[in-house]
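So the chains spell out like this:
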Amino acid sequence: MDIRIINGCVVAEGNTLKRVTIYVNWGKIEKICDGEDKSIDVRREIDAAGCVIFPGIVDPHVHFDDPGFTDREDFGTGTGSAAAGGVTTIIDMPCTSLPPVINGCNFDHKLGIVRDKAYVDFAFWGGVTPAQIESGSYVRDLKELKDRGIVGVKFYTVSGMETYPRMPLPLMDTAFRELRELGLVCAVHAEDCELVDFYSDHLRNAGRTDPRSWYEGRTYEAEPAAIWSVVGIAEKAGNKLHIVHLSSKEGLHVVQWAKQHGVDITAETCPQYLLFTVDDLMEKGSVLKIAPPVREREDREALWDGLKNGSVDFISTDHAAGIYPEEKTRESIWDNYAGIPGVQFSLPSVLTYGYHAGRLTLEDICSLMAKNAAVRYGLYPKKGDIAVGADADFAIADIDGEWTVTPGIMESKGKYSPLMGSKLKGRVIKTIVRGEVVYDVGKGVTGRRGFGEFVKSNL
Ligand SMILES: [Zn+2]
């Protein structure tokens, strides 16, 4: 046997902590024994004393910008940042690399470039553009992407990207029907573009440049309105629908309605929507500029409740680093990049503000940050759980360990965060991918570049 992990506890059914010994062979979990078991010879022993062994965190929504926008992030710094956060599998978006992942050729090109840089395992989102639907090439292109193992396809109801435009609703209906046949998830960035454009232009034209104008321009109703639209389409097309980075209480109500009416819908939210409100945006400024914007206290609390009662299915980060300080400190809020790097801080911040604040149990966190996304995207049972036969991916954390967020500890290229200077309670001690320690709190990222493997969805 290769490795034995001793002295750590896993989160067992009924939310109890159970002391176990985990044996790993050829990168897979071979055996899990109760208590201490040193009966089998091993090559190496990892001591997890005082720690909780979480399943490796799955972050199903990141933008690692490679190839194409590598001034912001690349697959090495992005996956290094994941490793430092206990994240062992990421799913990268199709739209923030060039060319976008909208056919087999572009997929192969991206995989060829990023696979030599990855520290943790990764899967891909695919994409589709209005032009492909109008020309009819989407049928062949989506099939090529499905054959290569994407988890689903990303859509925008509003887009600020020239290289990946928004999808008008009638064309989305066509794409949803095709993706139902392919069995893939349709993920939607849901903000109504007419509302967002109209009110944002109005404020810009009035000369507003303050952080709050970003929040006011992307008016509250834009999210629930767009979710209603895509739910309306998905209900008829019968596809799998997923709402990314849910930010509002009323958006959540639409998701709940859809779930009650038989739509195959899931939703995610991100730590930034669970930790911050518009008051923080006004205080911190552009560092907290994201789309959709952070909302009010009651929205934040509704999202925590949604995670607890199952109407929000999992937590992602929407990790998207801007060039810092250039793209995040311009005078006008409109001129700054919308996005924050977050993959390194998701588990510690959910432990701090979820577990220690009494909002979530450790069992909830295992589901919301690993298993649920792995199941939805066809990465389970290889990823997402601590079970015999699964990949030996773990986030070993001192759940009471206190530490402070500083620029120096950030592995991302973008050394900024709305959490900067915050004290968090919950610290990643070691991250293990397929039995290899890729991060150690005392040494930093210890993995080998290129060790991370592409994981094919089984959808
Ligand atoms: Zn995103």
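Residues numbered from 1 in each chain as written. Predicted model: local features only at pLDDT ≥ 70, side-chain atom pairs only at ≥ 80, totals over all residues. Heavy atoms only, no water.

Points about the sheet that holds strand S7 (residues 87–92)
- Taken in spatial order, the 4 strands of this open sheet run S8-S7-S6-S15, and their pairing is parallel. With one partner strand each, in any of the chains shown, strand S8 (121–124) and strand S15 (319–320) form the two edges of the open sheet.
- Summarising the sheet, strand S6 (residues 57–63) and S15 pair through 2 bridges and their orientation is parallel. Its bridge partner being in S15, His63 is matched across the sheet by Ala320. (Pairing = 2+ DSSP bridges. Helix = DSSP H or I, 4+ residues; strand = E, 2+ residues; numbered from the N terminus.)

A short note on the coordination of the zinc ion
- Every protein donor of the zinc ion is listed here as His61 (NE2), His63 (NE2) and Asp318 (OD), and their distances to the metal cover 2.1 Å.
- Of note, the donors binding the zinc ion are all from one chain and are spaced H-x1-H-x254-D. Of this pair, His63 sits in strand S6 while Asp318 sits in the loop between strand S14 (314–315) and S15; the two residues are 255 residues apart in sequence, bridging distant segments of the chain. (Donors = N, O, S within 2.8 Å, 3.2 Å for Na, K, Ca; no water.)

A few points about the side chain of Asp141
- Residue position: Asp141 is located in helix H4 (residues 138–148).
- A distance of 2.9 Å separates the side chain of Asp141 from the side chain of Gln132, its partner in a polar contact.
- Apart from the residues lying within four places of it in its own chain, the contact partners of Asp141 are Ile102, Asn103 and Gln132. (Polar contact = N/O pair within 3.5 Å; in protein donor to acceptor, adjacent residues only side chain to side chain. Contact = heavy atoms within 4.5 Å.)

What about the packing of helix H9 (residues 249–260) against helix H12 (residues 297–309)?
- At a minimum axis separation of 8 Å, H9 and H12 run at an interaxial angle of 30°. Taken together, H9 and H12 sit at an angle that is classed as roughly parallel. Where H9 approaches H12, its residues Lys249, Leu252 and Gln256 are matched on the opposing element by Glu298, Asp299, Ala302, Gly306 and Asn309. (Axes fitted to C-alpha atoms, helices over the stretch in contact; angles between N-to-C directions. Parallel < 35°, antiparallel > 145°, perpendicular 65-115°, else oblique.)

What to know about the pattern of salt bridges
- Per the counting criterion, the structure on display carries 34 salt bridges.
- Lys28 serves as the salt-bridge partner of Asp391, at 2.8 Å between the closest nitrogen and oxygen. Placement of the pair is Asp391 in the loop between helix H14 (362–376) and strand S16 (394–404) and Lys28 in strand S3 (residues 28–34), with a sequence separation of 363 residues.
- Using a relative accessible area of 32% as the deciding quantity, one classes Lys28 as partly exposed. (Salt bridge = Lys/Arg side-chain N within 4 Å of Asp/Glu carboxyl O. Buried < 20%, exposed > 50% of the residue type's maximum accessible area, 1.4 Å probe, protein only.)

A few points about the side chain of Thr129
- Take Thr129: it is sitting in the loop between strand S9 (126–127) and helix H3 (130–135).
- In this view, Thr129 contacts Ile102, Tyr164, Pro165 and Met167; residues no more than four positions away in its chain are not counted.

Details of the pairing of strand S10 (residues 152–156)
- The buried count for S10 comes to 5 of 5 residues, which makes it a mostly enclosed element.
- Looking at chain direction, S10 and strand S11 (residues 185–189) are connected through 5 bridges and run parallel. Note that in S11 the partner of Gly152 across the bridge is Val185.
- Note on the crossover from S10 through helix H5 (residues 169–182) to S11: the handedness is right-handed. (Right-handed = clockwise from strand over helix to strand, strands pointing away.)

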